[in-house]
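# Coordinate analysis (summary)
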Amino acid sequence: MKILYGIFSLGLLSMHLAQRVEDTRALNSALLTNYSRNVKPKLNQTEPLQVFLEFQLLGIIEFDEVLAKLSVIAVTFLYWRDELMTWNPEDYGGLDVFYIASQKVWTPNLVLVNTVKDIKKIGFGDDW
Ligand SMILES: *[C@@H]1O[C@H](CO)[C@@H](O)[C@H](O)[C@H]1NC(C)=O
Ligand SMILES: *[C@@H]1O[C@H](CO)[C@@H](O)[C@H](O)[C@H]1NC(C)=O
C-alpha cells in the first residue's frame, strides 16, 4: 500500500495577538533551555507516553487488484502532551499559545510499513 501523507507545520512564529516580543522571546528561551528532543517528554521517565493518532483518508488515488496495490492520500495527526514544555501564561504576559518547529521538539518515530515501494519515515523532512 502506498500512502501519501501530509504534515502541517505551523511555523516558528507565535501568532498570538497583542503580545510583547519580550514575552515571546522569554518563553522561547525558557522552553528550549535544557530541552532535548532526544528525551521523552515525561517528568517521570519510567511512565509511558500516550500518543494519539488520527488518520484522515482524503481520497483513493488508485486501486489495482492484480498488483494488490492501493494508493491513497491521507493526513495523519499526532497528539501528545509534552510535560517538559509547559508554562504559566501569567508569567509571559498571558501568552498561552506558542508555535514551534517540529524539528525542535520530541516527536514519535513512525514508519510506514507494507508499502509497494520502500519503507518511509513519517514526519517532517528527513529529520526524525
Ligand atoms: C538548565 O540546566 C542547568 C544544569 O542542570 C541548571 O543549572 C539550569 O537552572 C537549567 N536551566 C533551566 C532554565 O531550566
Ligand atoms: C515513576 O513512575 C513509576 C511507574 O508509574 C512509579 O513506580 C514511580 O514511583 C514513579 N517515580 C516517581 C519519582 O514519581
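Please refer to the structure higher up on the page.
Reference entry: report on the structure contained in this document. This structure is a prediction, so every number in the text was calculated from the model and none was measured.

Rules used in this analysis
Residues numbered from 1 in each chain as written. Chains lettered and ligands numbered in written order. Predicted model: local features only at pLDDT ≥ 70, side-chain atom pairs only at ≥ 80, totals over all residues. Heavy atoms only, no water. Near = heavy atom within 4 Å. Polar contact = N/O pair within 3.5 Å; in protein donor to acceptor, adjacent residues only side chain to side chain. Areas by Shrake-Rupley, 256 points an atom, 1.4 Å probe, with all protein chains shown as cover. Salt bridge = Lys/Arg side-chain N within 4 Å of Asp/Glu carboxyl O. Helix = DSSP H or I, 4+ residues; strand = E, 2+ residues; numbered from the N terminus. Phe/Tyr/Trp six-rings, centres within 6.5 Å; stacked < 30°, edge-to-face > 60°.

### Some remarks on the site of ligand 2
Taken together, Asn 44, Thr 46 and Glu 47 form the complete shell of residues around ligand 2. Between ligand 2 and the protein, one listed contact pairs an oxygen atom with a side-chain N or O atom of Asn 44 at 2.3 Å. At 3.2 Å, a side-chain N or O of Thr 46 approaches an oxygen atom of ligand 2. Summarising the interface, the protein chains cover 25% of the accessible area of ligand 2, which totals 360 Å² for the free molecule.

### A few points about the pattern of salt bridges
Per the counting criterion, the structure on display carries four salt bridges. A salt bridge links Glu 47 to Lys 42, with the shortest nitrogen-to-oxygen separation between them at 3.6 Å. Across the salt bridge formed by Glu 83 and Lys 42, the nearest N and O atoms sit 3.2 Å from each other. Separated by 41 residues along the polypeptide, Glu 83 in the loop between β3 (69-79) and β4 (110-112) and Lys 42 in the loop between α1 (21-32) and β2 (52-64) bring together distant segments of the chain. Salt bridges sharing partners connect three or more residues here, namely Lys 42, Glu 47 and Glu 83.

### Some details on the packing of aromatic side chains
Taken as a whole and judged by the stated rule, the model has one aromatic pair. Centroid distance Trp 80 to Trp 106: 5.5 Å. Interplanar angle 85°. Geometry classified as edge-to-face. Here the residue Trp 80 occupies a position in the loop between β3 and β4, and Trp 106 occupies one in the loop between β3 and β4, the gap between them amounting to 26 residues.

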